[in-house]
Amino acid sequence: MTATPNDADQRRAARRRHLQQRQTLVFGGLITVLAVVGLVSTAMWTGLLPAPFAREFSTAEPSDANLAIPCVPADATPVAFSEITANVYNGTDRNGLAASSADSLTQVGVVVNQQANWPQGAYSGVVQVVVGPLGVTSGYTVARLFPSAVVSLDTSRTDETVDVVLGATYEAMLSADEIAALDPAAPLASPEGCTPVDAPAGDGAAA
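Residues numbered from 1 in each chain as written. Predicted model: local features only at pLDDT ≥ 70, side-chain atom pairs only at ≥ 80, totals over all residues. Heavy atoms only, no water.

This paragraph deals with the state of the cysteines. Going through the model one piece at a time under the given rule, you end up with one disulfide. The disulfide partner of Cys 71 is Cys 194, and the S-S distance across this bridge is 2.0 Å. On the sign convention where negative means left-handed, the S-S torsion of about 95° between Cys 71 and Cys 194 marks this disulfide as right-handed. In this pair, Cys 71 sits in the loop between helix H1 (5–46) and strand S1 (85–90) while Cys 194 sits in the segment after helix H4 (176–180), placing the two residues 123 residues apart along the sequence. Taken as a pair, Cys 71 and Cys 194 share a single burial class, namely buried. (Disulfide = S-S within 2.5 Å. Helix = DSSP H or I, 4+ residues; strand = E, 2+ residues; numbered from the N terminus. Buried < 20%, exposed > 50% of the residue type's maximum accessible area, 1.4 Å probe, protein only.)

Quick look at the structure:
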């Protein structure tokens, strides 16, 4: 039986429809996948979602393992919170931790310079306060606000800025009542086994 011209046209039209349907499905699927990847990437970049890998290319030096615990300058007393500038970093996969802690520090008068994810990735401790030789007293002042905080020295720093790194076992800063009970004139104490700091003249650090 010979197909009529109308039959041939109908078959061609049907093939075109099937082809268009397949193309729509393929391109629609690709667009959906790209949109999801873009949204997830944006969320990771902004810190809303934790990255599945450590960004080694942005890792700061020196590493945590190489940071010494500095001694407090002799007879040093706490610095006024309003004179301290801090960066707050989230070393966990808990969203919003740096932001909420930065707000708490701001409420007591600390000037928060920035808040972000910790460039070195995860921090397994409670709170690490990283300072340079000029910021030792400021670091120990801030550390009093965080139970079990550890102060670490980065000798490459040349200013008094303090980095507050929130770790996996961090729970909360002291309450308002506990902070109010801190004696602003009580000398700061050095932990056992600390390293004396040779700081530029005028900082009052122990030799």
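On to the packing of aromatic side chains. For the structure on display, the rule yields two aromatic pairs. With centroids separated by 6.0 Å and ring planes inclined at 55°, the aromatic side chains of Phe 146 and Tyr 170 adopt a geometry described as tilted. In this pair, Phe 146 is assigned in the loop between helix H3 (136–143) and strand S4 (150–153) and Tyr 170 in the loop between strand S5 (162–166) and H4, connecting sequence segments 24 residues apart. The class of Phe 146 is buried, set by a relative accessible area of 2%. Assessed through its relative accessible area of 7%, Tyr 170 is described here as buried. (Phe/Tyr/Trp six-rings, centres within 6.5 Å; stacked < 30°, edge-to-face > 60°.)

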